[in-house]
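Reading the structure
Each chain is listed here by its residues.
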Amino acid sequence: MTELVAVDIGGTHARFVIARVASDGSLALGEPETLHTRDHASFQTAWEDFRLRQGGTLPPRAALSVAGPVGGEVIRFTNNPWIIRPSLMQSKLGVEAFTIVNDFAAVAHAVARAPEDQFVHVTGPDTPLAAEGTISVLGPGTGLGVAHLWRSGSNYRVTATEGGHVDFAPLDSIEDAILARLRRSHNRVSIERVVSGPAIGPIRQTLAAMEGRALTEEDDITLWTRGLEDKDSLAAAAVDRFCLSLGSVAGDIALSQGGFGGVVIAGGLGYRLRDHLPRSGFAERFRAKGRFAELMGTIPVKLIVHPQPGLFGAAAAFVAEHGVPQ
């Protein structure tokens, strides 16, 4: 059993854990520690904090999942002032080997390695994800993450994409109205403007305007909570509309990527929708692809419910890059 430090860094939190890799490549996570990014001046000081919590020493291997583009000499975060310079990882942190992946690439690695009991069926045939072929992975959160997973037996490859930034295509008059509202603020409306956490506000505002209702401003978290708990009829209608659009988007991504081996919905918001998606209009919209409707009905769509897909996926990415540590 070999250990490494897995880290999942977002805008608000940085989650650290000791991951253990067995000789056969199987992975196990310890108990994660969640640190607030605002409480630490840099990733290095957060690392040092975690090291103290672990008794003063850490394994000389690290796997990082970061919320932002990777590559280049400096890694910057979308909603976090930290920066990481990969060339200084060894001298600053004392690591001998490391892997850095985009946060949604890490989720795709988790999909590739997670056991079947970590997935919940949403629609399509209730069968496992294909062992051969392409699987599309997407997740609504602050934005919309999209990744491409190809696998052949025990071998697989992950490609991070910017699929959340393709153009939004409305399918009915309500989505036409949502698009028109969003165009007041954005010259170009991408799908993540409609199927991400912050979209619940503009969707609700559009529905209110159609009924001539006046609204008070509420934050996204409150709207999601009220909508999912059915405590606000307009927020609940916005959640339903969100699920319709997510179904359309998931189907489009599967078609464009060739994700006929399966589609996986991930992310914190996806998890919150786990009970709602199967009984919403998601399935009908996913299949509504004209001449390809029959093909779309053959694709299993699942929700990953692993408690820490970012950490698990970062560790899996390390093993995929470096092999099983000796």
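Right, let's walk through the structure included here. This structure is a prediction, so every number in the text was calculated from the model and none was measured.

1. Some details on a nonpolar patch on the surface
- Judged by side-chain polarity, Leu255, Phe260 and Phe292 come together as a nonpolar surface patch covering roughly 250 Å² of accessible area.
- Relative to the assigned elements, Leu255 resides in helix H7 (residues 233-257).
- Leu255 sits in the partly exposed class, given a relative accessible area of 30%.

2. Some details on the packing of aromatic side chains
- Applying the stated rule across the entire model yields six aromatic pairs.
- Between the aromatic rings of Phe43 and Trp82, the centroid separation amounts to 6.2 Å while the plane-to-plane angle is 50°, which identifies the pairing as tilted. Taken together, the positions of Phe43 in helix H1 (residues 43-53) and Trp82 in strand E7 (residues 80-84) put the pair 39 residues apart, joining distant regions of the chain.
- By relative accessible area, Phe43 is classed as buried at 4%.

3. What to know about the nonpolar core
- Counting 40 residues, the largest nonpolar core has Leu138, Phe242, Val263, Ile265, Leu273, Phe282 and Phe286 as its most contacted members.
- Looking at this core, the elements with two or more residues in it are strand E11 (144-152), helix H4 (173-183), helix H5 (200-210), helix H6 (220-228), H7, strand E13 (263-265), helix H9 (282-287) and strand E14 (301-304).
- Broken down by element, the residue count for this core peaks at 10 residues, all from H7.
- Those residues in contact with Phe242 that lie beyond four places of it in its chain are Pro140, Val194, Val195, Ser196, Ile203, Trp224, Leu269 and Leu273.
- In terms of nonpolar packing, the next biggest core, distinct from the first, is built from 37 residues, Ala19, Ala97, Val158 and Phe318 among them.

4. Section: unusual backbone geometry
- The residue Asp230 is not glycine, and still its phi comes out positive at about 55°.
- Mapping Asp230 onto the fold places it in the loop between H6 and H7.
- A residue is classified by how much of its surface remains accessible, and Asp230, at 59% relative accessible area, is exposed.

5. Side note on the pattern of salt bridges
- Inspection of every chain in the model, using the stated rule, returns 16 salt bridges.
- Between Arg226 and Glu218 there is a salt bridge, with the nearest N and O atoms lying 3.9 Å from each other.
- You can call Arg226 partly exposed: its relative accessible area is 31%.
- In this structure, Asp232 and Arg226 form a salt bridge, with 3.3 Å as the shortest nitrogen-oxygen distance.

6. Quick notes on the packing of H5 against H6
- Running from amino to carboxyl end, H5 crosses H6 at an angle of 65°, the nearest separation of the two axes being 9 Å. Here Ile200, Gly201 and Arg204 of H5 come into contact with H6, specifically with Asp220, Leu223 and Trp224.
- Class assignment for the residues of the contact of H5 with H6 results in three nonpolar, one polar and two charged.

Reading the values: the criteria
Residues numbered from 1 in each chain as written. Predicted model: local features only at pLDDT ≥ 70, side-chain atom pairs only at ≥ 80, totals over all residues. Heavy atoms only, no water. Patch = residues over 30% accessible without salt bridge, like charges linked within 9 Å, V, L, I, M, F, W, Y side chains within 5 Å. Areas by Shrake-Rupley, 256 points an atom, 1.4 Å probe, with all protein chains shown as cover. Salt bridge = Lys/Arg side-chain N within 4 Å of Asp/Glu carboxyl O. Helix = DSSP H or I, 4+ residues; strand = E, 2+ residues; numbered from the N terminus. Buried < 20%, exposed > 50% of the residue type's maximum accessible area, 1.4 Å probe, protein only. Phe/Tyr/Trp six-rings, centres within 6.5 Å; stacked < 30°, edge-to-face > 60°. Core = buried A, V, L, I, M, F, W, Y, C linked by side-chain atoms within 4.5 Å. Contact = heavy atoms within 4.5 Å. Axes fitted to C-alpha atoms, helices over the stretch in contact; angles between N-to-C directions. Nonpolar A, V, L, I, M, F, W, Y, C, P; charged D, E, K, R; others polar.

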